[in-house]
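# Architecture at a glance
Spelled out from the first residue to the last, the chains are:
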Amino acid sequence: MAKLYFRYGAMGSSKTANALMVEYNYHERGKKALLAKPSTDNRDGERIVKSRIGLEKECVLTEELVKYSDEELKKYDCVIVDEAQFCSKEQVEFFTRIVDELEIPVICYGLRTDFKNELFEGSMWLLAWADEIEEIKTVCWCTKAAKCNARFDKNGIIREGAQVAIGGNSSYIALCRKHMKEGNLGPTITEMLKEL
Ligand SMILES: [Zn+2]
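Residues numbered from 1 in each chain as written. Predicted model: local features only at pLDDT ≥ 70, side-chain atom pairs only at ≥ 80, totals over all residues. Heavy atoms only, no water.

## Focus: the side chain of Thr-96
Summarising the element assignment, Thr-96 is placed in helix α4 (residues 89-102). Beyond its immediate chain neighbours, meaning those up to four positions away, Thr-96 contacts Leu-4 and Trp-129. (Helix = DSSP H or I, 4+ residues; strand = E, 2+ residues; numbered from the N terminus. Contact = heavy atoms within 4.5 Å.)

As structure tokens, this is what we get:
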């Protein structure tokens, strides 16, 4: 039976590399997986899923995917969605339709929460509706599990602003909840910021 999967993890937990590996595994077995991502994620140009370790692959936008006919969707054995936190409620609803009516599995990768530690829209509906929810683990600088995504710039942690920062010079780091609350980015980054 096909399922809707939500595989979430903090920044730097290799979600995109995982997504690309699953796509490759389908390909290797002579099956077709459709890669998609929301247009909100525009870091790497329009229609490319790209991981930090350099793997990349062309994809479609989830805004286009929702317009696919059943016939077009049935050409695929699986749908893989990267940066799924940026999906709308309607798009996640469409994923449930692909699973339930066409029996095609949909595997979504994304962040659970934003830099204010609040759910993204896509993540909220995936947590509500996914059949399987799995965490891709990563660690804080203190070696505890990192569940939070801190935004920071040369002045340290940022607590205010839009959920999706367009442009600007801010970066992200995964932290445990305690260090997120304290705004403690760890010795390495703190030292680096001092030198700027
Ligand atoms: Zn920590």
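## A few points about the coordination of the zinc ion
For the zinc ion, every protein donor is listed as Cys-140 (SG), Cys-142 (SG), Cys-176 (SG) and His-179 (ND1), and the spread of their distances is 2.1 to 2.4 Å. Because the angles between the four donor atoms bound to the zinc ion fall within 98 to 115°, the donor set is best described as tetrahedral. Mapped onto the polypeptide sequence, the residues donating to the zinc ion form the spacing pattern C-x1-C-x33-C-x2-H. According to the relative accessible area criterion, Cys-140 is buried, its value standing at 3%. Look at Cys-142 and you get partly exposed, because its relative accessible area is 22%. (Donors = N, O, S within 2.8 Å, 3.2 Å for Na, K, Ca; no water. Tetrahedral: all angles 85-135°; square planar, octahedral: opposite > 155°, others 65-115°. Buried < 20%, exposed > 50% of the residue type's maximum accessible area, 1.4 Å probe, protein only.)

## Some words on unusual backbone geometry
The backbone of Asn-117 shows a phi angle near 65°, a positive value even though the residue is not glycine. Secondary-structure assignment places Asn-117 in the loop between β7 (106-110) and α5 (121-129). Under the relative-accessibility criterion, Asn-117 is labelled partly exposed at 33%. Phi at Thr-143 takes a positive value of approximately 80°, unusual for a residue other than glycine. Under the relative-accessibility criterion, Thr-143 is labelled exposed at 64%.

## Side note on the domain arrangement of the chain
Domain boundaries assigned for the chain yield domain 1 (4-135) and domain 2 (148-194). A separation of 26 Å is found between the C-alpha centroids of domain 1 and domain 2. If you look at the interface, domain 1 gives 13 residues, while domain 2 gives 14 residues. Each partner contributes to the roughly 1,100 Å² buried at the junction of domain 1 and domain 2, and carbon and sulfur atoms together form 59% of this total. (Domains from an automatic or database assignment. Buried area = accessible area lost by both parts, 1.4 Å probe.)

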